[in-house]
2 protein chains.
Amino acid sequence: MTLDTLPSHQGGAEQLARLLAQALLAGHWQPGDVFPRELDIGKHFAVSRNQVRNALTSLTAAGLLERTAGRGTRVREMGDWHLLDPLMSEWMTGLVNLDPQLVRAIYAFRFSAEPVVAGLAAQAAQAEDIERLESAFAGMESSAGSVKARAEHAEYDVAFHDATYRASHNLVWRQMGYLLRPSIMALIHRSQHRTDTLDDSLARHRQVLDAIRNRDTSSAESAAREVLRRTAIDLGIVN
Amino acid sequence: MTLDTLPSHQGGAEQLARLLAQALLAGHWQPGDVFPRELDIGKHFAVSRNQVRNALTSLTAAGLLERTAGRGTRVREMGDWHLLDPLMSEWMTGLVNLDPQLVRAIYAFRFSAEPVVAGLAAQAAQAEDIERLESAFAGMESSAGSVKARAEHAEYDVAFHDATYRASHNLVWRQMGYLLRPSIMALIHRSQHRTDTLDDSLARHRQVLDAIRNRDTSSAESAAREVLRRTAIDLGIVN
DNA sequence: AGTCTAGTAAATGTCTGACATTTCCACAAG
DNA sequence: CTTGTGGAAATGTCAGACATTTACTAGACT
């Protein structure tokens, strides 16, 4: 893999880091591959070596790269990536072409975790949490009509899941929810809803909302599972 | 707060970062305080400005500091720390004085998450995973006799939990397990086992191991719950 | 007096070139 | 076959100058 296929960039080291990180997240390099040298990167993007080094420092901190003096820069395998690093989260926002293996991993995580989180939410949710969930759900409903509002619908969908994590009233889960936002968004964008499946998705979300409102733990768990089953179908993971 | 009370350091920017980070985690600075200037830090520790900048870059990435040109470096409030950042994890190793509120939050998270993880492990564990669990458990058993081996026992205990997360064969859970290592260690150190409770803890760990080995999902879940109940008792959260 | 506007100091951010260190490889000596 | 020695190539480090941002101060004008 060379740099040639990457789009040009504009601005500081952060932009460059984002660019390279997204290429890595999309699986453009294989683990173990040697990454381009600092000077080549600088030459290609017309930035100073400093900028390149700053960018590569970020990627290294996120576990994407491994750098050793004299040896060069290598791409680390996916198991070494710091998936919960906020940097990762940032880089994943807006990225649609995630590595399929990564998509499955994140989906599997959510499928195991989100029912538990919904259950906790049913136990711990307070008035403001319910409000957040309701307003997110209302947004999903209102933007369900037209196809043009797809982006808006996705926003509300993400907000709904984030609100669920927040409602668990646990610092760690809360942080997880924040970090998962871009991943969830990517999953949603991958699963192109048709209008009929969208109605079904809405209905399942509503059951989660109702279960939490009724403080029904086990219903919340199973309802969350149903939402994710719908997602799995839309993703083509299962049918 | 000045730099004078900090111990001297030896080695590169990573050591310096660790030193400063632990001082911050210990609450030596209040949120909003101005952090010492680059040149002062460099002068105090006799390192180049480069090293200082590299260290401060790490602390900034972890959400501990906020730096703006012309303004200087400020200490961010605790709500802004990136709790799940691997750097944090590293810096927290060996720190015993965690905020009680944080201890409870982490325990609550583990109590909700770890049964699910154990269940996944029962479904996905392969030979090498079982081996890791067995060897960690064997270590716990062998170091259970003397009081002097407490540190060693804690190591094996942490290894056991880490092996459980790994056995789930999910990238996100695996990362989560890695990040929780220092927190788990802190919890273990807080819960001073007496010899009788230690036998009980061992027995419960053994049931998790057996359940995973037998691929019994629901047994693994309940066994993991029992392990954490034991932990809760030892922590004094419940009796 | 109040307010706007240079102007200055101080801090972090950036660039550049040179040098240090590590790693790998080739090639020759023993 | 082993060992060592040298060079090439990559990242790591340093030092200095300069750029940029921010906060503060001192006047000038209304």
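Residues numbered from 1 in each chain as written. Chains lettered and ligands numbered in written order. Predicted model: local features only at pLDDT ≥ 70, side-chain atom pairs only at ≥ 80, totals over all residues. Heavy atoms only, no water.

Visitor: I'd like to hear about the relation of the copies chain B and chain A, residue by residue, with values.
Guide: Superposition of chain B onto chain A requires a rotation of 180° combined with a translation of 1.1 Å along the rotation axis, giving an RMSD of 1.7 Å. In the structure described here, the two chain copies are related by an operation that fits a two-fold rotation axis. The C-alpha atom lying nearest the rotation axis in chain B is that of Asp85 of chain B; the distance is 3.2 Å. (Least-squares fit on C-alpha atoms with pLDDT ≥ 70 in both.)

Visitor: I'd love a proper account of the interface of chain B and chain A, names of residues and values included.
Guide: Taken together, the 23 residues of chain B in the interface contact 24 residues of chain A. Linking chain B with chain A are 0 salt bridges, by the criterion used here. Counting the contacts that link chain B with chain A gives 4 residue pairs in polar contact (both at pLDDT 80 or more). Of all the elements in the fold, those that place two or more residues in the side of chain B that touches chain A are helix 5 (100-124) and helix 8 (171-190) of chain B. The element that contributes the greatest number of residues to the side of chain B that touches chain A is helix 5 of chain B, accounting for 9 residues. (Contact = heavy atoms within 4.5 Å. Salt bridge = Lys/Arg side-chain N within 4 Å of Asp/Glu carboxyl O. Polar contact = N/O pair within 3.5 Å; in protein donor to acceptor, adjacent residues only side chain to side chain. Helix = DSSP H or I, 4+ residues; strand = E, 2+ residues; numbered from the N terminus.)

Visitor: Just give me the short version of the domain arrangement of chain A, but keep the residues and values in it.
Guide: All names here are of chain A. Domain boundaries in chain A define domain 1 (13-82) and domain 2 (93-235). The gap between the C-alpha centroids of domain 1 and domain 2 is 33 Å. Counting residues at the interface gives 7 residues for domain 1 and 7 residues for domain 2. Between domain 1 and domain 2, the buried area comes to about 570 Å², and carbon and sulfur atoms account for 63% of it. On the domain 1 side of the interface with domain 2, the three residues burying the most area are Gln22, Leu25 and Met78, jointly 66% of the side's total. Connecting domain 1 to domain 2 are 0 salt bridges. Taken together, the connections running from domain 1 to domain 2 amount to 2 residue pairs in polar contact (both at pLDDT 80 or more). Each residue belonging to the side of domain 1 that touches domain 2 can be placed in one class, and the counts come to 4 nonpolar, 2 polar and 1 charged. (Domains from an automatic or database assignment. Buried area = accessible area lost by both parts, 1.4 Å probe. Nonpolar A, V, L, I, M, F, W, Y, C, P; charged D, E, K, R; others polar.)

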